[in-house]
Amino acid sequence: MPTHPYYPPTAEIPNYIPNDKRTFELVSIFALTCSIILTITYTFFVLFTGKTGGFIHLFLEGNDTLNFVTLTATFWKDYALSDPHYLIPNNFVLCMETISALIWGPASFLLAYLTVSDHDLRCPVQGIVSLGQLYGDALYYANAGFESVVFGLEYSRSEGGYLWGYFVFLNAFWVVVPFGRLLWESVVVCARAIGDVKVRDGRVEGIVGI
């Protein structure tokens, strides 16, 4: 008999202690926290990735790296119902989340500051952070897909809320927001700026179509 609710049931999770909070409670706390952060920001799209992204990377993903026993650890235990790699030692997840916590977390807060202060470095930093977010998410999805297709390993529980709600929906934010808005905006603004400099210097007639 498995001693935990995670897939595969044969996975060993030493010293497992069941959560004392239900999924609805944890998701509500997470949503409320993000809403409070968003309420005090100035520009929704950029600061969503900035302040909220920084909060998630530093505190949620940093907590997973350090394995603190806190409310965020409780959230990870519930999220692990869609991907138990956050409870079972896994080199890929550990390295990915450590990089996210140490690099993309502080970088996201830096981006939030550059946005609020209308700094000239906002677009370059925004492009770097967005590409990093997109790359990490792509690797995360690809790793899970590879294990499923090649090895036939399924880690998410069969309930749709865990697979589509946690694994797909929550992680999709790090694809849609960075790529759908921020990365493209950074490329366009930087290209226009370089084009304007070339026009000013008389080297070209400008960049057409951007």
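Labelled according to an unreviewed UniProt entry, the protein chain appears under the name Emopamil binding protein-domain-containing protein, originating from Aspergillus sergii. Entered under Subcellular location (unreviewed entry) in the UniProt record, the comment concerning the protein chain runs "Membrane". According to UniProt, the comment filed for the protein chain under the heading Sequence similarities (unreviewed entry) is "Belongs to the EBP family."

**Considering a nonpolar patch on the surface**
On the surface, a nonpolar cluster with roughly 520 Å² of combined accessible area is contributed by F146, V149, V150, F151 and L153. Looking at the element boundaries, V149 is found in helix α5 (residues 122–151).

**Thoughts on the packing of aromatic side chains**
Applying the stated rule across the entire model yields seven aromatic pairs. Where Y140 meets Y141, the ring centres are 6.4 Å apart and the plane angle is 40°; that geometry is what we call tilted. Taking relative accessible area as the criterion, Y140 reaches 3% and is therefore assigned buried. For the pair F146 and F151, a centre-to-centre distance of 5.7 Å together with 75° between the ring planes defines the contact as edge-to-face. One aromatic cluster is present, built from ring pairs that chain together Y79, Y162 and Y166.

**Here's the deal with the nonpolar core**
One recurring pattern in soluble globular proteins: nonpolar side chains tend to sit buried together. Counting 19 residues, the largest nonpolar core has Y6, F75, Y79, Y86, Y140 and Y166 as the members making the most contacts within it. Where this core is concerned, the elements lending two or more residues are α1 (23–39), α3 (71–79), α4 (91–116) and α6 (160–200). Apart from the residues within four sequence positions on either side, Y79 is in contact with Y86, Y140, Y166, F167 and N171. Core analysis: the second largest hydrophobic core is formed by six residues, W104, A107, L111 and V125 among them.

**A short note on the UniProt feature "transmembrane region" (unreviewed entry) in the protein chain**
Under the local residue numbering, the UniProt record ascribes the feature "transmembrane region" (unreviewed entry) to residues 26–48, 92–114 and 163–184. Spanning residues 92–114, this segment combines 100% helix with 0% strand, and its end C-alpha atoms are found 31 Å apart. Within the segment residues 163–184, helix and strand shares are 100% and 0% respectively, and the terminal C-alpha atoms sit 29 Å apart.

**Let's talk about the side chain of N90**
Within the secondary structure, N90 sits in the loop between α3 and α4. Within the local environment of N90, its side chain forms a polar contact with the backbone nitrogen of F92, the two atoms lying 3.2 Å apart.

**Observations regarding α4**
For α4, with 26 residues, the first-to-last C-alpha span of 37 Å sits near the 38 Å given by 1.5 Å per residue. Roughly 35° is the biggest bend found in α4, and it falls at A101. Sitting at the amino-terminal end of α4 is N90, which places a side-chain oxygen 3.2 Å from the backbone nitrogen of F92. Where α4 ends, the next residue or the one after it, D118, has phi of about 55°, a positive value.

**Regarding unusual backbone geometry**
Backbone geometry at D118 places phi at a positive 55°, although glycine is not the residue there. Note that D118 resides in the loop between α4 and α5.

**Thoughts on the confidence of the model for the protein chain**
A residue-level look at the protein chain finds 78% of positions with pLDDT of 70 or above and a mean pLDDT of 77. Model confidence for the protein chain, summarised as mean pLDDT per element, is weakest for helix α2 (residues 44–66) at 49 and strongest for α5 at 90. With pLDDT under 50 throughout, residues 42–48 is counted as low confidence; its partners more than four residues away or in other chains account for 23 contacts. The low-confidence segment residues 62–69 (pLDDT under 50) makes 16 contacts with residues lying over four places distant or belonging to another chain.

**Focus on the packing of α4 against α5**
Following both chains from N to C, one finds α4 and α5 inclined at 155°, their axes separated by 10 Å at the closest point. Taken together, the axes of α4 and α5 lie roughly antiparallel to each other. Handedness of the crossing formed by α4 with α5: left-handed. Between α4, through F92, M96, W104, A107, S108, L111, L114 and T115, and α5, the contact on the second element is made entirely by R122, V125, Q126, I128, V129, G132, Q133, G136, L139, Y140 and N143. For the contact of α4 with α5, a count of residues per class yields eleven nonpolar, seven polar and one charged.

What counts, and at which threshold
Residues numbered from 1 in each chain as written. Predicted model: local features only at pLDDT ≥ 70, side-chain atom pairs only at ≥ 80, totals over all residues. Heavy atoms only, no water. UniProt positions renumbered as here; feature names shortened; annotations may be inferred. Patch = residues over 30% accessible without salt bridge, like charges linked within 9 Å, V, L, I, M, F, W, Y side chains within 5 Å. Areas by Shrake-Rupley, 256 points an atom, 1.4 Å probe, with all protein chains shown as cover. Salt bridge = Lys/Arg side-chain N within 4 Å of Asp/Glu carboxyl O. Helix = DSSP H or I, 4+ residues; strand = E, 2+ residues; numbered from the N terminus. Phe/Tyr/Trp six-rings, centres within 6.5 Å; stacked < 30°, edge-to-face > 60°. Buried < 20%, exposed > 50% of the residue type's maximum accessible area, 1.4 Å probe, protein only. Core = buried A, V, L, I, M, F, W, Y, C linked by side-chain atoms within 4.5 Å. Contact = heavy atoms within 4.5 Å. Polar contact = N/O pair within 3.5 Å; in protein donor to acceptor, adjacent residues only side chain to side chain. Expected span 1.5 Å × (residues − 1). Bend = angle between axes of the 7 residues up to and from the residue. pLDDT = per-residue confidence, 0-100. Axes fitted to C-alpha atoms, helices over the stretch in contact; angles between N-to-C directions. Parallel < 35°, antiparallel > 145°, perpendicular 65-115°, else oblique. Left-handed = near helix turned anticlockwise from the far one by under 90°. Nonpolar A, V, L, I, M, F, W, Y, C, P; charged D, E, K, R; others polar.

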